[in-house]
Amino acid sequence: MPESFQEKFCRHFAVPADRYPEAMLRRTLYRRARWLRWFLPYDFISADRDFIHGVGRLTRRGDFSSEVKEFQRDARNRNFWRSLARCRVSSTRMRAVFVDVWPEATAPGVSAGPTTPAPAGARVR
């Protein structure tokens with residue numbers, strides 16, 4: 001069975017599997033939401049927890065975008081505190097963590113890009 005994102009995340013950051021949701025929440029919440037969450041009801045961040053669990057279950061890198069779209073369309077994100085005040089998980093931060101843990105694979109022998117700058121005046125295609 002393919003390795004899930006949660007397993008990759010836990011190995012990458014040396015986090016026990018049972019600490020994954022909290023560790024991911026700390027890394028992906030907007031800054032103001034990090035301290036406010038202690039004063040909010042548990043249900044307030046249920047959409048965030050569902051998003052984190054959904055991403056954690058992924059076994060194919062390409063499915064990440066659909067998890068983000070589902071989170072962004074979630075009706076629980078449609079109130080002042082979650083949308084305008086941003087007391088929620090940032091999908092941009094989530095994407096950054098995801099790419100850090102699960103970078104795009106390049107084919108063997110294929111360079112990710114030029115390693116030396118092109119000479120002055122050279123056309124780059």
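This one's a predicted model, so the numbers in the text were calculated from it and none came from an experiment.

How each quantity is defined
Residues numbered from 1 in each chain as written. Predicted model: local features only at pLDDT ≥ 70, side-chain atom pairs only at ≥ 80, totals over all residues. Heavy atoms only, no water. Salt bridge = Lys/Arg side-chain N within 4 Å of Asp/Glu carboxyl O. Buried < 20%, exposed > 50% of the residue type's maximum accessible area, 1.4 Å probe, protein only. pLDDT = per-residue confidence, 0-100. Helix = DSSP H or I, 4+ residues; strand = E, 2+ residues; numbered from the N terminus. Phe/Tyr/Trp six-rings, centres within 6.5 Å; stacked < 30°, edge-to-face > 60°. Lys NZ or Arg CZ within 6 Å of the ring centre and 35° of its normal. Axes fitted to C-alpha atoms, helices over the stretch in contact; angles between N-to-C directions. Parallel < 35°, antiparallel > 145°, perpendicular 65-115°, else oblique. Contact = heavy atoms within 4.5 Å. Nonpolar A, V, L, I, M, F, W, Y, C, P; charged D, E, K, R; others polar. Core = buried A, V, L, I, M, F, W, Y, C linked by side-chain atoms within 4.5 Å.

Topic: the pattern of salt bridges
Taken as a whole, this structure holds five salt bridges when the rule is applied. Among the ionic pairs, lysine 8 bridges to glutamate 3, the shortest N-O distance being 3.6 Å. Across the salt bridge formed by arginine 11 and glutamate 3, the nearest N and O atoms sit 2.3 Å from each other. Relative accessible area serves as the criterion here: at 55%, arginine 11 is assigned to the exposed category. Each of Glu3, Lys8 and Arg11 takes part in a single network of salt bridges with overlapping partners.

Considering the confidence of the model for the protein chain
Caution applies to low-pLDDT regions: their predicted coordinates should not be interpreted in detail. Taken over all residues, the pLDDT of the protein chain has a mean of 82, while the share at 70 or more is 82%. For the protein chain, the element scoring lowest by mean pLDDT is helix 6 (residues 80–83), at 74; helix 1 (residues 5–13) scores highest, at 97.

So, the packing of aromatic side chains
In the structure shown here, the tally under the stated rule is seven aromatic pairs. With centroids separated by 4.8 Å and ring planes inclined at 55 degrees, the aromatic side chains of phenylalanine 9 and phenylalanine 13 adopt a geometry described as tilted. Taken together, the positions of phenylalanine 9 and phenylalanine 13, both in helix 1 and four residues apart, correspond to about one turn of that helix. Phenylalanine 13 gets classed as partly exposed once you look at its relative accessible area, which sits at 24%. When the ring of phenylalanine 64 is compared with that of phenylalanine 98, the centres are 4.3 Å apart and the planes differ by 20 degrees; the resulting orientation is stacked. Taken together, the residues span a long stretch of sequence, with phenylalanine 64 in helix 5 (residues 64–73) and phenylalanine 98 in helix 7 (residues 91–101) at a distance of 34 residues. Residue phenylalanine 64 shares its accessibility class with phenylalanine 98, and that shared class is buried. The side chain of lysine 8 reaches across the aromatic face of tryptophan 102, ending 4.7 Å from its centre. Here arginine 27 stacks its cationic end above the ring of phenylalanine 13, 3.9 Å away from the centre of that ring.

Re the packing of helix 2 (residues 20–28) against helix 7
Two elements in contact, helix 2 and helix 7, have axes separated by 8 Å at closest approach and are oriented at 120 degrees. By the angle between their axes, helix 2 is oblique relative to helix 7. When helix 2 is examined against helix 7, the residues Met24, Arg27 and Thr28 are found in contact with a partner set consisting of Arg93, Met94 and Val97. Taken together, the residues of the contact of helix 2 with helix 7 break down into three nonpolar, one polar and two charged.

Focus on the nonpolar core
Within the largest apolar cluster, 29 residues are counted, with the highest numbers of intra-cluster contacts made by Phe5, Phe9, Tyr20, Met24, Val55, Val89 and Met94. Contributing elements (two or more residues each) for this core: helix 1, helix 2, helix 3 (31–36), helix 4 (46–57), helix 5 and helix 7. Once residues within four sequence positions are removed from consideration, phenylalanine 9 is found in contact with Val15, Tyr20, Ala23, Met24, Arg27, Val97 and Val101.

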